[in-house]
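What follows is each chain in one-letter form.
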Amino acid sequence: MSNIPKDLQYTQSHEWIRRLGDGQVEVGITDHAQGALGDLVFVEVPEVGRLVKAGEGCAVVESVKAASDVYSPVNGKVTASNTELASRPELLNQDPYGAGWLMRVELDSSAKGAELLSAGDYANSLADAAG
Amino acid sequence: MAFIPHTPDDVARMLETIGVQSIESLFDEIPATLKIKSLDGVPPALCEMEVGRLLMERATLDGRPLNFIGAGAYEHHIPAPVWAIATRGEFYSAYTPYQAEASQGTLQLIYEYQSMMCGLTGMQVSNASLYDGASALAEACLMAVRANRASSSRRVLMPRSVNPTYAKVAAAIAGNQDIGFEPVDFDREQGRTLLDALQAYSGQDVSALVLQQPNFFGNLEEVGALTDWAHANGAVVIAVVNPTSLALLEPPGRWGQVVAGKQGADIVCGEGQPLGIPLSSGGPYFGFMATRMQYVRQMPGRIVGRTLDVEGRPGFSLTLQAREQHIRRSKATSNICTNQGLMVTAATIYLSLLGAEGLERVAAASVQRTDDLVAALTRIKGVTAAFSAPRFHEAVLLLDRPVAPVLAALERRGIVGGLDLGGSFPELGPALLVCATETKLDADIGAYAAALSDVMNQSRPGAAA
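Residues numbered from 1 in each chain as written. Chains lettered and ligands numbered in written order. Predicted model: local features only at pLDDT ≥ 70, side-chain atom pairs only at ≥ 80, totals over all residues.

## Let's talk about the interface of chain B and chain A
Rules: The contact criterion used is a C-beta to C-beta distance within 7 Å, with each C-beta placed from the backbone. Residue type decides the class: Asp, Glu, Lys and Arg count as charged, Ala, Val, Leu, Ile, Met, Phe, Trp, Tyr, Cys and Pro as nonpolar, and the leftover types, Gly among them, as polar.
Contacts between the two partners involve six residues from chain B, matched on the other side by nine residues from chain A. Split into classes, the residues belonging to the side of chain B that touches chain A amount to two nonpolar, no polar and four charged.

## Notes on the domain arrangement of chain B
Residues and elements named next belong to chain B. Put simply, the rule is: These domain boundaries are the output of an automatic or database domain assignment. Starting at the N terminus, helices and strands are each numbered in turn, a helix being any DSSP run of H or I of at least four residues and a strand any DSSP run of E of at least two.
Examined at the domain level, chain B breaks down into domain 1 (66-72 + 355-458) and domain 2 (80-348). Distance from the C-alpha centre of domain 1 to the C-alpha centre of domain 2: 28 Å. Contacts between the two partners involve 21 residues from domain 1, matched on the other side by 18 residues from domain 2. Looking at the side of domain 1 that touches domain 2, the elements with two or more residues in it are α11 (341-378) and β12 (394-399).

## Focus on the nonpolar core
Where we set the bar: Connectivity within a nonpolar core runs through C-beta atoms within 7 Å, and the core itself is a set of buried Ala, Val, Leu, Ile, Met, Phe, Trp, Tyr and Cys residues. Our exposure labels follow a C-beta count within 10 Å of each residue's own C-beta, placed from the backbone: buried means 20 or more other C-beta atoms, exposed means 12 or fewer, and partly exposed covers the counts in between.
Judged by nonpolar contacts, the single largest core of 115 residues is most densely connected at B:Leu137, B:Cys141, B:Ala144, B:Val210 and B:Ile238. The element contributing the most residues to this core is α11(B), with 15 residues. Formed jointly, this core draws a minimum of three residues from each of two domains, domain 1 (66-72 + 355-458) and domain 2 (80-348) of chain B. Apart from residues lying up to four places away in sequence, B:Ile238 is in contact with B:Ala140, B:Cys141, B:Ala144, B:Ala208, B:Val210, B:Ala265, B:Ile267 and B:Cys269. Counting 26 residues, the second largest nonpolar core, distinct from the first, contains A:Tyr10, A:Ile29, A:Val45 and A:Tyr122.

## Focus on the pairing of strand β9 (residues 103-107) of chain A
Residues and elements named next belong to chain A. We count it as follows: Pairing between two strands is assigned when DSSP locates at least 2 bridges connecting them.
Pairing analysis gives four bridges linking strand β3 (residues 24-29) to β9, with the strands arranged antiparallel. Directly across from Glu26, in β9, lies its bridge partner Arg104. The pairing of strand β8 (residues 76-81) with β9 spans five bridges and is antiparallel. By the bridge assignment for β9, Gly76 is matched with Leu107.

## Structural notes on the sheet that holds strand β15 (residues 431-435) of chain B
Pairing within the open sheet is antiparallel, and its four strands lie in the order β11-β12-β15-β14 (chain B). The sheet terminates laterally at β11 (383-385) and β14 (419-420) of chain B, the two strands that pair on one side only.

## Topic: the sheet that holds strand β7 (residues 67-71) of chain A
Residues and elements named next belong to chain A. What counts is decided by this rule: Here an angle of 0 to 180 degrees is reported between the N-to-C directions of two axes, which are lines fitted to C-alpha atoms, with helices fitted over the stretch in contact.
Taking strand neighbours across the sheet as the criterion, the three strands line up as β4-β6-β7 in an open arrangement whose pairing is antiparallel. Two strands lie at the open edges of the sheet, namely β4 (40-44) and β7, each paired on one side alone. Across the sheet, the mean angle from the axis of one strand to that of its neighbour is 25°, orientation sign disregarded. Pairing analysis gives five bridges linking strand β6 (residues 57-63) to β7, with the strands arranged antiparallel. Of the residues in β7, the one forming a bridge with Val61 is Ser68.

## Some words on the confidence of the model for chain B
We count it as follows: pLDDT expresses how confident the predictor is about each individual residue, on a scale running from 0 to 100.
Counting all residues, the mean pLDDT for chain B is 93, and 97% of those residues have values of 70 or more. Two summary scores accompany this predicted model of the complex, namely pTM at 0.87 and ipTM at 0.71.

## Examining the packing of helix α5 (residues 104-121) of chain B against α11(B)
All names here are of chain B. Inclusion rule: Roughly parallel means an angle under 35 degrees; roughly antiparallel means over 145; roughly perpendicular covers 65 to 115; every other angle is labelled oblique. Crossing handedness is defined as follows: a turn of the near helix away from the far one that is anticlockwise and smaller than a right angle gives a left-handed crossing, while the clockwise case is right-handed.
Where α5 contacts α11, the axes come no closer than 10 Å and their chain directions differ by 60°. Relative to α11, the element α5 is oriented oblique. For the crossing formed where α5 meets α11, the hand is left-handed. Taken together, the residues of α11 that come into contact with α5 (itself represented by Leu109, Ile110, Glu112, Tyr113 and Met116) are Val344, Thr345, Ala347, Thr348 and Leu351. Of the residues belonging to the contact of α5 with α11, the class tally is seven nonpolar, two polar and one charged.

## A few points about unusual backbone geometry
Residue and element names in this part refer to chain B. A cis amide bond links Gln213 to the next residue, Pro214, at an omega of -15°. Tracing the sequence through the fold places Pro214 in the loop between β5 (208-213) and α9 (223-232). Even without being glycine, Arg154 reaches a positive phi, approximately 55°. Structurally, Arg154 can be placed in the loop between α6 (133-147) and β3 (155-159). For Arg154, a count of 20 C-beta atoms within 10 Å gives the class buried. Even without glycine at this site, Asp178 takes up a positive phi of about 65°.

This is the structure in C-alpha cells:
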C-alpha cells in the first residue's frame, strides 16, 4: 500500500498539492506514481515565471523505459521549481512528498482549478483502479 | 516462393484465439470510404530477370555525363574499401541494434560515428543519424521550438539563402505543427544574409534562426555575427552544414562570441551524403544532428552511449530512448526518427580512411576546382559570377540568355552543367548553380568551358540554342 499523507490533496492523474498558506501551493507526484514509474533517471521541471493551467503538462518524469508528463493541478504562476532534481532525480523516488517536490505555484484565484481529491478519495480511486 | 511465414491454418487459429472473424475486420475502425479497393495503375508482377533488365535499360538512359551539379548532393571520390567493408555481412544486415548483447560491433560503430560528428561540428552530443538532410532540418526546427523555453512565438527565421528544398520540407513537416516560417532576404550583391536583414526582428520574440553554411549559393555567411544576433535576441541557432566543409571552416559549435551565456550554434544538422555515399536519384542518404548537452533530451532519434556492464567492462548500448515514438507516441521528440544505419556505416568508414588530413584535402581540392571552374567559365562572353561573397565549392553564374536551352545543349554534349535557379530565384534572372569537387580534373573543366563557349557562340542571346 502506497503512502498517502492525510494533509495533502490529490488528482486522478497522481499529482499532489500542499497548501503553503500564502496563496501558494507545492506540487509533486504521489508515492504510488513514483512506484509505478520505477527508478527515475531524469526530471524536467518548469521554468520559474511560467504560467500554468490546470490539466496542462508542466513537468516530465523519465525512467529508463518511459517519459511521462506531470499535469498541473492548479492555475497560476510558477514561483519555484526543484532544480535539485536535475542532478538527483532519485530524490523523487526516495521522498515524493518532501525533497522530491516539483514546483511551487502562486494560485490564480480568478480561474477554477481541477477537481481535487482528499487523501481518502484518492486511496479509494487507487483501490478501484487495482480492482 | 512465399515470404509470409503463416500458413492459412496458422492464420485461422490466430483469428480464432482472439475471437475475430477475418483479418479485414481488424481494420474496421478505418471508415470504408478511406480504404482503397484496388491499386490502379500498378502493372502486373515481373520476374527477377525482367526487373533486372528493365532497370538496366533505365539506368543506361542516364549515360555517364560529366556532372557539375551540387545543390545539396555532392559527387566525391569514394575509396573502394568504403563499400567493400560496409557491405560485409556483419554490417550489411544490421538494423537498429536494440539488443545490446548481440550488437556490440554495430553499437561501437555508431558510437564512433557520433564522436566523429561531434568533432567535426564542435558540439557536445550527436545522435545516431536521421533520415536525410532536409528532414533533419525540419526536426531541428521542431526541436528548437521545444528547447527554447523562453520563447513562445514558434517563429523560425528561414533565410532565403537556405536550400529551398530544405525550406520546403521543413515547412511541410513543421509548418503543420503550428510553427511559422519567415523568409529573410539575401543581399543581391554579396549573395548572403546580412545582419541588417535581421535587425528588423531585433527585440521581437523569435524562437529560432536557421543558418546554412556554406549557403545554397555556395557562399560563406557571416555566421559569427548572425549567431551572436540570434543569441542576443533569445533565438536558438540552427546550423545547416556540409560536413566536408567542416574540415576547413570554423565548427558551428564555435561560431561567434559568448553572448547571453552561449557561444556557437545550438543545433547542427545537415546532409551526410558527401561522406562516402554515392549520388543515386536522391537517396538513400542520411541526415545528421548534433547539439549541446543542455538540449540532449529534446534531440530526436537515438543515441548510443558507452557504459560499463555489471562486471565493470566497457560496452555500448542505446540510451535516451524514453522520448522516442515507440514509447512517447504522439509526444515523442520525433515521429520519423529513423536512422540510416548502413549509410552511417559507410560514412564512418569513409571518415576513418580519410582521417582529418584527408578530409581537409578533399575540401581544399573542391574549393580549388570550383575556383578554376568559375575562372574558366566567366572568361566566356555572356557569363558572369553572380556574387562577391567568399565561397566554398559552389557558385552562381549569370547568363545573358535563358538557362534551360543552354543546359539542354550541354547535355547533348555529355555535360550536366548545373542547376537552373530560375524556378526558386526568378529575381536573379538567368542563373546557374555550378559545383566542381575534387573529382573534376583540369581536362573536365576545360571540356565544360569549351562546350559552354561553343553553345554560347552558336546562339544569340534570347534565341533558342
